[in-house]
Amino acid sequence: MKSISFSKGIEKDININISQGYYKEFSKRYASKYGTLMIIDSNLKNHLNPGTDKNIFYVKGGNETKYFDKYLELCKVIVEGSYSNLVVIGGGSLIDMVGYVFHTLDFPTGTLTVMPTTLSSMIYLPVSGEFYLDMNYTRNFLKVRGYPDLVYIDPYFCKFLDKKDMKNHFFLGYILGLLFDNNFASLSLKYSKNFIRLDLEDYLYSAVKFVLSLYSNDLPFPGTKLMKYIADTSVKSDFVQNESLSFAFLVYLSFKFGYIREEKFQEIFEKIRSFEDLKSSKIQNIKAKVNNVPIREILLKEDGFVDLLLNFGELKDLLLEFKSLLRGV
């Protein structure tokens, strides 16, 4: 098992553990543990086999997981069962919903333990300090601050993922490689085409260290802040496709602001397209009410990256140029 300790100062110390096949020991440790409720993606019910349904609540993962009615349903189960410790086993949407529940109910001595089961949720770890809930048919409309106490990453779950989704999710690793290690970016690109004989444990260990380096410095995962302003924010939208679109725009800004050469922009843009088709129709109009609200984002440099405050009132023309570029692909 590979272990990493992530500290957010006085806020939280989080232990992150990565181990292939650890889910069996994990299930035995938490199943039927007094005061603990395990919330599990129902799609994994036949694969986990915890041995008992006691203190287990199954929720179907996917786009509808973060609906407000799911939040209320889980709150009722927790309150009626007097649970103080929550364990969530599922993808990013289920983790978001359970994290939102945990940090809006009163758990003075409780713990939140997370085991992500999709490649994207293993890379885009739930340790940014924010959990989201959908509302009014809008993705991530509600937000609460908070962190898990423990994170267990088991690559075993990747064997149950859709192969196309698995390949596309390597895009998150590709982004991290562009920021920290070009060899890791090339590796992610390679695995997006063929991940046979992939050592996922070592790969994820590197990806997690890169993500934690961002969060340790209070930096966002590139594109996630920008996403809500230029991408499809409906609850049925695809996270990785939206991420590819917003990151592509960040790379375009990196070129236009003079941080990278045009040749590097073209090279990266073509590789982004190999992960996801970029559709100009996915870009929404910039909302007037946020034109003058700067957001912190990351732009690429020839070697490394720079974080900036971007003001959307100053980016309208560049967004129009970017739309024209997408129409031409």
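Residues numbered from 1 in each chain as written. Predicted model: local features only at pLDDT ≥ 70, side-chain atom pairs only at ≥ 80, totals over all residues. Heavy atoms only, no water.

A.B. asks: Before we move on, can you summarise the pairing of strand E7 (residues 130-135) with the specific residues and values?
C.D. replies: Here E7 lies mainly inside the structure; 5 of its 6 residues are buried. Pairing analysis gives 5 bridges linking E7 to strand E8 (residues 138-145), with the strands arranged antiparallel. The partner of Leu 133 across the bridge, within E8, is Leu 142. Turn length for the E7-E8 hairpin, with the two strands adjacent in sequence and antiparallel, is 2 residues, and the turn residue Asn 136 shows positive phi of about 55°. (Buried < 20%, exposed > 50% of the residue type's maximum accessible area, 1.4 Å probe, protein only. Helix = DSSP H or I, 4+ residues; strand = E, 2+ residues; numbered from the N terminus. Pairing = 2+ DSSP bridges.)

A.B. asks: How would you summarise the pattern of salt bridges if you had to cite specific residues and measurements?
C.D. replies: Per the counting criterion, the structure on display carries 12 salt bridges. A salt bridge links Asp 202 to Lys 2; the shortest N-O distance between them is 2.9 Å. Residue Asp 202 is found in helix H8 (residues 200-216), and its partner Lys 2 is found in strand E1 (residues 2-7); the two are separated by 200 residues along the sequence. Since its relative accessible area comes to 35%, Asp 202 is described here as partly exposed. Between Glu 270 and Arg 273 there is a salt bridge; the shortest N-O distance is 3.4 Å. Of this pair, Glu 270 and Arg 273 both sit in helix H11 (residues 262-275), separated by 3 residues, roughly a single helical turn. Overall, the relative accessible area of 32% leaves Arg 273 in the partly exposed class. Several salt bridges converge on common partners, so that one network encompasses Lys 2, Glu 201 and Asp 202. (Salt bridge = Lys/Arg side-chain N within 4 Å of Asp/Glu carboxyl O.)

A.B. asks: With reference to specific residues and values, describe the packing of helix H10 (residues 239-256) against H11.
C.D. replies: For the pair H10 and H11, interaxial distance at closest approach is 9 Å and the crossing angle is 175°. With respect to H11, the axis of H10 lies roughly antiparallel. Of H11, the residues touching H10 (which contributes Ser 244, Phe 247, Ala 248, Val 251, Tyr 252 and Phe 255) are Glu 262, Phe 265, Ile 268, Phe 269 and Ile 272. Residues that form the contact of H10 with H11 fall into these classes: 9 nonpolar, 1 polar and 1 charged. (Axes fitted to C-alpha atoms, helices over the stretch in contact; angles between N-to-C directions. Parallel < 35°, antiparallel > 145°, perpendicular 65-115°, else oblique. Contact = heavy atoms within 4.5 Å. Nonpolar A, V, L, I, M, F, W, Y, C, P; charged D, E, K, R; others polar.)

A.B. asks: Kindly report on helix H12 (residues 316-327), identifying the contributing residues and their values.
C.D. replies: Helical geometry: 3.6 residues make up each α-helical turn, so side chains three or four residues apart lie on a common side. For H12, built from 12 residues, the straight-helix expectation of 16 Å at 1.5 Å per residue is met to within 8% by its first-to-last C-alpha distance of 17 Å. What H12 keeps buried is the set Leu 318, Leu 319, Phe 322, Lys 323 and Leu 326. Down the axis of H12, the buried side of the element spans an arc of 145°, and every buried residue falls inside it. Turned more than 90 degrees off the buried face of H12, the exposed positions are Asp 317, Leu 320 and Arg 327. (Expected span 1.5 Å × (residues − 1). Arc of directions from axis to C-beta.)

A.B. asks: Mind laying out the packing of aromatic side chains, listing which residues take part and the relevant values?
C.D. replies: Working definition: an aromatic ring pair is given by the centre-to-centre distance plus the angle between the planes. For the coordinates displayed, the defined rule picks out 26 aromatic pairs. Measuring from ring centre to ring centre gives 5.2 Å for Phe 184 and Phe 210, while their planes differ by 80°; the resulting arrangement is edge-to-face. Note that Phe 184 is positioned in helix H7 (residues 182-193) and Phe 210 in helix H8, a separation of 26 residues in sequence. Phe 210 shares its class with Phe 184; the two are buried. Its end group placed over the ring of Tyr 58, Lys 45 keeps NZ or CZ at 4.7 Å from the ring centre. (Phe/Tyr/Trp six-rings, centres within 6.5 Å; stacked < 30°, edge-to-face > 60°. Lys NZ or Arg CZ within 6 Å of the ring centre and 35° of its normal.)

A.B. asks: Got a sec to walk through the sheet that holds strand E4 (residues 56-59)? Specific residues and values, please.
C.D. replies: Strand pairs in the sheet, formed through backbone hydrogen bonds, run parallel or antiparallel to each other. Taken in spatial order, the 7 strands line up as E1-E2-E9-E6-E5-E3-E4 in an open sheet, and their pairing is mixed. Bordering the open sheet on either side are E1 and E4, each of which pairs with just one other strand. The sheet shows a mean angle of 15° between the axes of neighbouring strands, direction not considered. Inspection of the sheet shows strand E6 (residues 112-116) paired to strand E9 (residues 150-153) by 2 bridges, in the parallel sense. Paired with Thr 113 across the two strands is Leu 150, which belongs to E9. Packed onto the sheet, helix H4 (residues 92-102) meets strand E3 (36-41), E4, strand E5 (85-90) and E6 and runs at close to 165° relative to E5.

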